[in-house]
Amino acid sequence: MQDIAWNYYVGKTTVHCIIKETCQVLWERLQPIYLSTPSKNDFERTAAGFSRLWNMPNCIGAVNGKHVVIQSPKHSGSQFFSYKKTFSIVLMASCDAQYKFNMVDIGAAGSNHDGMVFRESGFGSALLEQRLQLPNPKVLPGSSILLPHFLVADQAFPLHQNIMRPYPGEHLVEKKRIFNYRLSRARRCIENAFGIVAQRWRVLRKTIIADLSTCEEIVKATVVLHNFILTEENGKKVYLPNGYADYIDGEGTLHEGRWRGTGQHLTGIGRIGTNNFSHRVGANRDLLADYFVSDAGSVPWQIQQIYAGSLPH
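Computed from a prediction, not measured in an experiment: that's the story for all the values here.

Trainee: Is there a simple way to think about the overall build of the protein chain in this case?
Mentor: Each helix and strand counted, the protein chain has nine helices and 10 strands in total. In terms of C-alpha radius of gyration, the protein chain reaches 20 Å, essentially the compact-globule figure of 20 Å for 313 residues. Counting only C-alpha atoms and orienting by the principal axes, one finds that the protein chain spans roughly 70 × 45 × 35 Å. Within the span of the protein chain, comprising 313 residues, buried residues form 50% of the whole. Sequence separation of 24 or more characterises 68% of the internal contacts of the protein chain that already satisfy a separation of 6 or more. Summing over all exposed atoms, the protein chain offers an accessible surface of approximately 15,000 Å²; the carbon and sulfur share of this is 51%. Distance between charge centres in the protein chain, computed from 34 positive and 26 negative side chains, equals 2 Å.

Rendered as structure tokens:
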């Protein structure tokens, strides 16, 4: 901001106001079009995309959270001081099969207990309290297994009727290893979404020097611009060229995207749930695991890949 003020012979306060107002307008104009609250039909389209591109039926998004490093807000004490030993706000988000965010919550204090972050986020609380307009449970393709729609998440999240997380542990039976492999394939979408947005919008790669409200507006602008460009780029492949994101070839081999070459710049959150879950929820995970080893739900390369160790178990 100081550089801009010097270069354009304006006051630093003026620059601050212009940046904040511009980010606000970007969000106000673009959010209703490119990041609107998902409807039942939107979730069904997302589920179709995950089934087609990532062999994960009934999936309405991949979810995770990241810390965005900011300067210490005035008079905030340790409120925003995270366990990463930095001041931060949390970007909690889920995305579709093509790396576009479909639900976000921005601005939770970095010091919040990780268990609160998802539970108290706008879409997290709506999901856990069954207020989202989720599609009705659907039979998995080629089978008679009826399952609810769900988000895919890593081991930090709780297992829930509408959240699928991996089986814990290292020495798992083959079926559970296959389940974790298949889940990790779909879960990579959100890691790619965070990686792409951090690489393309360099303000997220270092500490944001601004007041708290401006930091939130900047993050909101980057998220909605990310969706806008992915939607409107019309095949130019400038923002997301081939090979920039992770991809898996026809033999199931993982190829990491080029965005990973410059390191991670958004740091992950810790555990936000426990391993305690109801029998019914655990049964849903077991049913999906059974489906992945059935003739209807298996993919040709999964056995080879779990023993090759191309993705985390």
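Trainee: Would you mind showing me how to read the packing of helix α6 (residues 174-200) against helix α8 (residues 279-292) here?
Mentor: Relative orientation and spacing of two packed helices are given, respectively, by the angle between their axes and the distance between those axes. Contact geometry of α6 with α8 gives a least axis separation of 9 Å together with a crossing angle of 95°. Put simply, α6 runs roughly perpendicular to α8. Side by side, α6 and α8 meet where Lys175, Ile178, Phe179 and Arg182 of the first sit next to Arg285, Leu288, Ala289, Asp290 and Phe292 of the second. Its residues assigned to classes, the contact of α6 with α8 shows five nonpolar, no polar and four charged.

Trainee: What should I look at first to understand the nonpolar core in this one?
Mentor: Phe50, Met56, Tyr99, Phe101, Ile208 and Leu288 are the most contacted members of the largest nonpolar core, which totals 68 residues. Excluding anything up to four places from it in sequence, Met56 contacts Ala47, Phe50, Ser51, Phe150, Val152, Arg182, Leu183, Ala186, Leu288 and Phe292. Val63, Val90, Ala108 and Phe123 belong to the second largest nonpolar core, which has 20 residues in total.

Trainee: In this structure, what is going on with the pattern of salt bridges? I would like to understand it.
Mentor: Any two side chains of opposite charge can pair, on the condition that their charged atoms come close. What the rule picks out here adds up to seven salt bridges. Salt-bridge contacts for Arg260 lead to Asp246; the nearest nitrogen and oxygen are separated by 2.7 Å. Taken together, the positions of Arg260 in the loop between β9 (254-255) and β10 (267-268) and Asp246 in the loop between α7 (212-232) and β8 (247-248) put the pair 14 residues apart, joining distant regions of the chain. You can call Arg260 partly exposed: its relative accessible area is 22%. Asp246 gets classed as buried once you look at its relative accessible area, which sits at 3%. One salt-bridge network, in which partners are shared between bridges, spans Arg188, Asp246 and Arg260.

Trainee: Help me understand the environment of Leu132 in this model?
Mentor: The topology assignment puts Leu132 in the loop between α5 (122-128) and β4 (138-139). A relative accessible area of 18% means that Leu132 is categorised as buried. Along the backbone, Leu132 and Ala97 are 35 residues apart, and their C-alpha atoms lie at a distance of 19 Å. Among residues more than four places away in sequence, those in contact with Leu132 are Phe43, Met103, Phe123, Ala126 and Leu127.

Trainee: Where do I start with the environment of Arg119 in this structure?
Mentor: With respect to the element layout, Arg119 can be found in helix α4 (residues 114-120). On the basis of relative accessibility, which here comes to 45%, the residue Arg119 falls in the partly exposed class. Sequence separation between Arg119 and Leu146 is 27 residues, and the spatial gap between their C-alpha atoms is 26 Å. Beyond its immediate chain neighbours, meaning those up to four positions away, Arg119 contacts Gly124, Ser125 and Leu128.

Trainee: Got a minute to help me understand the side chain of His16 in this structure?
Mentor: Its location among the elements puts His16 in helix α2 (residues 12-34). Since its relative accessible area comes to 18%, His16 is described here as buried. Looking at His16, its side chain comes within polar contact range of the side chain of Thr214, at 3.0 Å. If sequence neighbours within four positions are ignored, His16 has contacts with Met1, Asp211 and Thr214.

Trainee: Sorry, what's going on with the environment of Leu91 here?
Mentor: Assignment of secondary structure puts Leu91 in strand β2 (residues 88-95). Taking the C-alpha atoms as reference points, Leu91 and Val223, 132 residues apart in sequence, are found 9.6 Å from one another. Ignoring sequence-local partners within four residues, the contact set of Leu91 consists of Asn64, Gly65, Lys66, Val68, Asp105, Ile106, Phe194, Val219 and Val223.

Trainee: How do you make sense of the packing of aromatic side chains when you look at a structure like this?
Mentor: One pair of aromatic rings is described through two measures. These are the centre distance and the angle between the planes. Applying the stated criterion across every chain, the model contains nine aromatic pairs. Ring geometry for Phe118 against Phe157: centres 5.3 Å apart, planes inclined by 80°, an arrangement best described as edge-to-face. Taken as a pair, Phe118 in helix α4 and Phe157 in the loop between β6 (150-152) and β7 (163-164) lie far apart in primary sequence, 39 residues in all. Judged by centre distance (6.2 Å) and plane angle (50°), the rings of Tyr291 and Phe292 are tilted. Summarising the burial analysis for this pair, Tyr291 and Phe292 share the class buried. Through successive ring pairs, a cluster of aromatic residues spans Tyr167, Phe179, Tyr291 and Phe292. Across from the ring centre of Tyr167, 4.3 Å away, lies the NZ or CZ of Arg285, which sits over that ring.

Rules and cut-offs
- Residues numbered from 1 in each chain as written.
- Predicted model: local features only at pLDDT ≥ 70, side-chain atom pairs only at ≥ 80, totals over all residues.
- Heavy atoms only, no water.
- Helix = DSSP H or I, 4+ residues; strand = E, 2+ residues; numbered from the N terminus.
- Rg over C-alpha atoms; globule rule 2.2 N^0.38 Å.
- Buried < 20%, exposed > 50% of the residue type's maximum accessible area, 1.4 Å probe, protein only.
- Contact = heavy atoms within 4.5 Å.
- Areas by Shrake-Rupley, 256 points an atom, 1.4 Å probe, with all protein chains shown as cover.
- Lys, Arg positive; Asp, Glu negative; His and termini not counted.
- Charge placed at Lys NZ, Arg CZ, Asp CG, Glu CD.
- Axes fitted to C-alpha atoms, helices over the stretch in contact; angles between N-to-C directions.
- Parallel < 35°, antiparallel > 145°, perpendicular 65-115°, else oblique.
- Nonpolar A, V, L, I, M, F, W, Y, C, P; charged D, E, K, R; others polar.
- Core = buried A, V, L, I, M, F, W, Y, C linked by side-chain atoms within 4.5 Å.
- Salt bridge = Lys/Arg side-chain N within 4 Å of Asp/Glu carboxyl O.
- Polar contact = N/O pair within 3.5 Å; in protein donor to acceptor, adjacent residues only side chain to side chain.
- Phe/Tyr/Trp six-rings, centres within 6.5 Å; stacked < 30°, edge-to-face > 60°.
- Lys NZ or Arg CZ within 6 Å of the ring centre and 35° of its normal.

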